[in-house]
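Notes for the structure review
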Amino acid sequence: RFVIKGSLAGAAVYVAYDQGLLGSGTQGAEALKKAQAALPPAIQEWTSYIGWELPPTPKFDFSLSGSWNKGVETVMSALSVAPTRACEYTVEGWKYVKDLVK
């Protein structure tokens, strides 16, 4: 079992490396574009072979780098206001505790 699992994991890492997924961001984006172009025809061929009928795949424009940049901007924005918010919440907490003690 261990040999089979190790072989599958090694093959998965090799395929990911061979396709450029473990390289730079541009290589990953190119690999994603290749997968988006190759996957729908392969699925269509497979389902026609089996006899299933799937609904058409939705078309969407997804930019991996744009999503990554938006996530980084959101995190940095939250970190930049964190000290101010922590101070505000601390003041509100102390006010609440003082009101409870009265």
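Criteria and thresholds
Residues numbered from 1 in each chain as written. Predicted model: local features only at pLDDT ≥ 70, side-chain atom pairs only at ≥ 80, totals over all residues. Heavy atoms only, no water. UniProt positions renumbered as here; feature names shortened; annotations may be inferred. Helix = DSSP H or I, 4+ residues; strand = E, 2+ residues; numbered from the N terminus. Rg over C-alpha atoms; globule rule 2.2 N^0.38 Å. Buried < 20%, exposed > 50% of the residue type's maximum accessible area, 1.4 Å probe, protein only. Areas by Shrake-Rupley, 256 points an atom, 1.4 Å probe, with all protein chains shown as cover. Lys, Arg positive; Asp, Glu negative; His and termini not counted. Charge placed at Lys NZ, Arg CZ, Asp CG, Glu CD. Domains from an automatic or database assignment. Expected span 1.5 Å × (residues − 1). Patch = residues over 30% accessible without salt bridge, like charges linked within 9 Å, V, L, I, M, F, W, Y side chains within 5 Å. Salt bridge = Lys/Arg side-chain N within 4 Å of Asp/Glu carboxyl O. Bend = angle between axes of the 7 residues up to and from the residue.

Where an unreviewed UniProt entry is consulted, the protein chain appears under the name MICOS complex subunit MIC13, with the organism given as Galbula dea. The record in UniProt for the protein chain states the following under Function (unreviewed entry): "Component of the MICOS complex, a large protein complex of the mitochondrial inner membrane that plays crucial roles in the maintenance of crista junctions, inner membrane architecture, and formation of contact sites to the outer membrane." Regarding the protein chain, the UniProt comment filed under Subunit (unreviewed entry) reads as follows: "Component of the mitochondrial contact site and cristae organizing system (MICOS) complex."

Attention now moves to the overall build of the protein chain. On a plain count of helices and strands, the protein chain comes out with three helices and zero strands. Starting at the N terminus, the α and β elements of the protein chain follow one another as α-α-α. In summary, the protein chain has a C-alpha radius of gyration of 25 Å against a globular reference of 13 Å for 102 residues, an excess of more than 25%. With the C-alpha coordinates aligned to their principal axes, the bounding extent of the protein chain is approximately 75 × 40 × 30 Å. The buried share among the 102 residues of the protein chain stands at 5%. For the protein chain, the exposed area adds up to about 9,400 Å²; of that, 66% sits on carbon and sulfur atoms. With 10 positive and 9 negative side-chain charges, the protein chain shows a spacing of 9 Å between the two charge centroids.

Quick look at the domain arrangement of the protein chain now. Segmenting the protein chain into domains produces domain 1 (1–54) and domain 2 (59–101). One C-alpha centre belongs to domain 1, the other to domain 2, and the line joining them spans 37 Å.

For helix 1 (residues 2–18), with 17 residues, the first-to-last C-alpha span of 24 Å sits near the 24 Å given by 1.5 Å per residue. With its phi angle positive at about 90°, G20 sits one or two positions after the end of helix 1.

So, on to a nonpolar patch on the surface. A grouping of W68, V72, V75, M76 and L79 is seen on the molecular surface, where their side chains present a nonpolar patch of about 540 Å² in accessible area. Checked against the element boundaries, M76 lands in helix 3 (residues 64–101).

Let us look at helix 2 (residues 25–50). Its 26 residues give helix 2 an end-to-end C-alpha distance of 36 Å, which sits within 8% of 38 Å, the value for a rise of 1.5 Å per residue. Residue A38 marks the point of greatest curvature in helix 2, where the axis turns by about 30°; the proline P40 follows within four residues. Every buried residue belonging to helix 2 is among G28, A31 and T47, and all of these are buried. Within two residues after helix 2, G51 carries a phi angle of roughly 105°, on the positive side.

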